[in-house]
Amino acid sequence: MQSKLPVKKTVTFADTSEIQGAVSNTTIPYDYLVFAVGAEVQTFNIPGVREHACFMKELEDAEKMQRHFMDCMESAAFPGQSTEEVKRLLHMVVVGGGPTGVELSGELHDFLEEDLRSWYPELAEHVRITLVEALPNVLPSFSKQLIDYTESTFKEAKIDILTKTMVKEIKEKSVVLQMPDKSIVEVPCGLVVWAAGNTLRKVTRDLMGQFPKAQENRRGITVDECLRMAGTDGSIFAVGDCTATSYAPTAQVASQEGAYLARLLGQIAKRDELEQRVEALAAAPDVDKQELEQSQKRLTKLNKLRPFKYSHQGSLAYIGSDKAIADFPLFNGNLATGGVATFLFWRSAYLSTLFSMRNRTLVATDWLKVKFFGRDVSRE
Ligand SMILES: Cc1cc2nc3c(=O)[nH]c(=O)nc-3n(C[C@H](O)[C@H](O)[C@H](O)COP(=O)(O)OP(=O)(O)OC[C@H]3O[C@@H](n4cnc5c(N)ncnc54)[C@H](O)[C@@H]3O)c2cc1C
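Keep in mind that what you see is a predicted model, and the values were worked out from it rather than measured.

As a further point, take the pattern of salt bridges. On inspection of all chains with the given rule, the structure shows 17 salt bridges. The residue Asp160 makes a salt bridge to Arg128 at a minimum N-O spacing of 3.7 Å. Linking Asp160 in strand S8 (residues 159-162) with Arg128 in strand S7 (residues 128-132), this pair joins segments that are 32 residues apart in sequence. Residue Asp160 is classed as partly exposed on the basis of its relative accessible area of 33%. Overlapping salt bridges, with partners in common, bring together Glu107, Glu114, Asp115 and Arg375 in one network.

If you want it as structure tokens, here you go:
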């Protein structure tokens, strides 16, 4: 018989901050658990990725990358540096041609053009950005014309795209590539940013391990149409990047799942309360048959849980040089658009989906600050 664990229904939390109070570990019971721990970076066990590449997943990854990037610029500007070493330090390699890798390449290009070119004019001509992708093209989830548009925009921006190219190893000062003709090439570089995909966190694998028969998908947690974790008694829900569904691992999916689950849990709370009421009514010595019947009818309704339905609002990506691309579902077809107007739309869509007026104001102010005063590269 299929396991219906976990039996204890508790979650243990640990305070992992540097400064801890007297209590740093606690266990609390739950009736329903929503599991939404996201994912972590997939390195495919390629040698040197963890040691030498920067990631682009968490906030601290971005901060580390920015520090490393500025170190490369400053070391290249160090008096007496050979031209060869300057070129190595200023070669930035981005691995992964999905939206993250493409947006990052575009942003690096903007950073160089809009800020660094005026600070380090003598270095600007040596800066190179290379985007490496194992598949035949970048942005596989976008339509063909947007892929072509991105590739031509990158060409104009002098961002090299290497498709059908696999990273075999990352060393301290170079990246080893397997080219489309299977030859192995070692390319000197100053910075490698790894944006090649996600994998499950250990805490997710551990949870899945408790339901080995129902949780066999290596991509993530299998859920039913109401986002309940398969194999459980229905008390554990899973949403977002830690799940394996037919949807892409995006914030658009995760936020719709979150909103759906909030409504569903409201319904479940009402259902559970009514269930107790019905039990009490039925057990009462002087049963109020009318009230019991009405409550049972309402309970039947509440027991019908509407399945989650994802509504795809479109895919957007920034590609640098004040240009963005967008794929929108339109009736039974698709509207593909790219350029400066799409970039303005991208920004307004981004702002409108941010949570709270405070966040919107902060982000909009940040964009204005960058536009008028350049990027903030202070280190502390
Ligand atoms: C650089 C980048 C750009 C992106 N751009 C877009 C975009 O433009 N549009 C889009 O739709 N999507 C985008 N995505 C994808 C999007 O960020 C994710 O799909 C989305 O954040 C998934 O939401 P989530 O809630 O599942 O996970 P997360 O947002 O990753 O949240 C999981 C949270 O759980 C916490 N956590 C993990 N383990 C534990 C634990 N053991 N205990 C307690 N807490 C834990 C984590 O710290 C994290 O805060 C981007 C992703 C990246 C990396």
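Having seen the model, we can carry on.
All right, on to a nonpolar patch on the surface then. Among the surface-exposed residues, Leu330, Phe331 and Leu335 lie close enough to one another that they form a single nonpolar patch of about 360 Å² accessible area. Position of Leu330 among the secondary structure elements: in strand S16 (residues 323-330). By relative accessible area, Leu330 is classed as partly exposed at 41%.

Bringing the packing of helix H10 (residues 340-353) against helix H11 (residues 357-373) into the picture now. In the contact formed by H10 and H11, the axes pass within 9 Å of each other and the chain directions differ by 150 degrees. Classed by the angle they form, the pair H10 and H11 counts as roughly antiparallel. Regarding H10 and H11, the two cross each other, and that crossing is right-handed. In this structure, H10 uses Arg347, Tyr350, Leu351 and Ser352 to contact H11, whose residues at the interface are Arg360, Val363, Ala364 and Trp367.

What counts as what
Residues numbered from 1 in each chain as written. Predicted model: local features only at pLDDT ≥ 70, side-chain atom pairs only at ≥ 80, totals over all residues. Heavy atoms only, no water. Salt bridge = Lys/Arg side-chain N within 4 Å of Asp/Glu carboxyl O. Helix = DSSP H or I, 4+ residues; strand = E, 2+ residues; numbered from the N terminus. Buried < 20%, exposed > 50% of the residue type's maximum accessible area, 1.4 Å probe, protein only. Patch = residues over 30% accessible without salt bridge, like charges linked within 9 Å, V, L, I, M, F, W, Y side chains within 5 Å. Areas by Shrake-Rupley, 256 points an atom, 1.4 Å probe, with all protein chains shown as cover. Axes fitted to C-alpha atoms, helices over the stretch in contact; angles between N-to-C directions. Parallel < 35°, antiparallel > 145°, perpendicular 65-115°, else oblique. Left-handed = near helix turned anticlockwise from the far one by under 90°. Contact = heavy atoms within 4.5 Å.

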